Amino acid sequence: MKNRNNNIIYNKTFFENDVLKVAPNLLGKYLAINTDKIQNKYKITEVEAYRGEEDSACHASKGRTERCEIMYSSGGHIYVYLIYGMYWMLNIVTGRTGNPQAVLIRGLEGLDGPGKITRKLGIDKSYYGENLLVSNRIWLENQNENAEYITGKRIGIDYAGEYWKNKHWRFILNVK
DNA sequence: AGCAAGATCGGT
DNA sequence: CCGATCTTGCTG
C-alpha cells in the first residue's frame, strides 16, 4: 500500500451523492494514508453527517465563512478544522458544488475518537482542501460494499437545538 | 480589538 | 466533572 492503485479509487460521483447516503457508505471502507511518517490503511467504523445550511449543527449553518468554505466545494475534498485549540477534525466533503455537506470521521478500527485519529495519522490544517480523488497522501479504498450499521445521535452538538441534535445522523459499523 | 465558544480528550 | 488550549467568527 505505498501508492494509489487504480482498482480502488472512488469516482467523483460517489462523493457527490447526498451526505446521508455517502456517510453510511463510508463504513467498512479503508482510509489510506501515505506520508514519510506513516503508511497504513484503516477501516472506517464510525462517521457523522453534517448537512447544509439548515442543519444548525453544521458549520455552514451561518453561511459561508473562511473556515467552512471548502464544504461548498464538490464531494471528495477534505475539510479539516481545529477544535478546542487542540484537536484537528477530519471531514470528507460530500454533495455537489454549492451544497455544503461533510462527513466527520469519528472512528477507525482500533482507533476511536476524531481527535485521536488525526493525532495518530498526523493530519492537520495542511490537509484542508486536499482532494481524495487525486491526492497521493490520503485516499479511500473499497472493501465491503454493503456494510451493516446502526445509527445514533450526533455527539457534542447540544447547542444545535432539539430538532437537529436528535437526528440519527451518526453511523456505526456493526461488529459481528 | 476584544471576547466567547467550541463536531474533544484525559485525568480527578 | 473539569481544565487544557487557541482559532474562528461575531460584536462594537
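Scroll up a little and you will see the structure.
Residues numbered from 1 in each chain as written. Chains lettered and ligands numbered in written order. Predicted model: local features only at pLDDT ≥ 70, side-chain atom pairs only at ≥ 80, totals over all residues. Heavy atoms only, no water.

Participant: So what's going on with the protein's contact with DNA strand B? Which residues, and what values?
Facilitator: As a matter of local geometry, DNA strand B sits amid 21 residues, with His59, Tyr87, Asn91, Gly115 and Tyr159 nearest to it. In this structure, tyrosine 81 approaches DNA strand B through a side-chain N or O atom, which is 3.1 Å from a base nitrogen. Tyrosine 87 is positioned with one of its side-chain polar atoms (N or O) 3.0 Å from a sugar or linking oxygen of DNA strand B. The biggest single contributor to the surface near DNA strand B is helix α3 (residues 114-121), with four residues. (Near = heavy atom within 4 Å. Polar contact = N/O pair within 3.5 Å; in protein donor to acceptor, adjacent residues only side chain to side chain. Helix = DSSP H or I, 4+ residues; strand = E, 2+ residues; numbered from the N terminus.)

Participant: Break down the protein's contact with DNA strand C for me, citing the residues and quoting the values.
Facilitator: Taken together, Lys62, Thr65, Glu66, Arg67, Leu82, Tyr84, Gly85, Met86 and Lys125 are the residues near DNA strand C. For DNA strand C, the fraction of atoms within 4 Å of the protein that belong to sugar or phosphate moieties is 64%. Take threonine 65: an N or O atom from its side chain is 2.5 Å from a phosphate oxygen of DNA strand C. Along the lines of polarity and charge, the residues of the surface near DNA strand C split into three nonpolar, two polar and four charged. (Nonpolar A, V, L, I, M, F, W, Y, C, P; charged D, E, K, R; others polar.)

Participant: Now, about the pattern of salt bridges: what can you tell me, with residues and values included?
Facilitator: Tallying each qualifying case throughout the model produces eleven salt bridges. Among the salt bridges present, the one from lysine 41 reaches glutamate 141, with a minimum N-O distance of 3.3 Å. Of this pair, lysine 41 sits in strand β2 (residues 39-51) while glutamate 141 sits in strand β7 (residues 138-141); the two residues are 100 residues apart in sequence, bridging distant segments of the chain. Relative accessible area serves as the criterion here: at 1%, glutamate 141 is assigned to the buried category. Among the ionic pairs, arginine 154 bridges to aspartate 55, the shortest N-O distance being 2.7 Å. With a gap of 99 residues between them, arginine 154 in the loop between β8 (149-152) and α4 (162-165) and aspartate 55 in the loop between β2 and β3 (78-83) connect regions that are remote in the sequence. Arginine 154 sits in the buried class, given a relative accessible area of 5%. What you see here is one network of salt bridges that share partners, running through Glu46, Glu48, Arg106 and Arg170. (Salt bridge = Lys/Arg side-chain N within 4 Å of Asp/Glu carboxyl O. Buried < 20%, exposed > 50% of the residue type's maximum accessible area, 1.4 Å probe, protein only.)

Participant: Which residues make up the side chain of arginine 154, and what values go with them?
Facilitator: Among the polar contacts made by the side chain of arginine 154, one reaches the main-chain carbonyl oxygen of alanine 49 at a distance of 3.0 Å. Only 3.0 Å separates the side chain of arginine 154 from the backbone oxygen of tryptophan 164, close enough to count as a polar contact. What arginine 154 contacts, discounting residues up to four positions off in sequence, is Glu48, Ala49, Tyr50, Asp55, Ala57, Trp164, Lys165, Lys167, Trp169 and Arg170. (Contact = heavy atoms within 4.5 Å.)

Keep in mind these numbers describe shape, not what the thing actually does.
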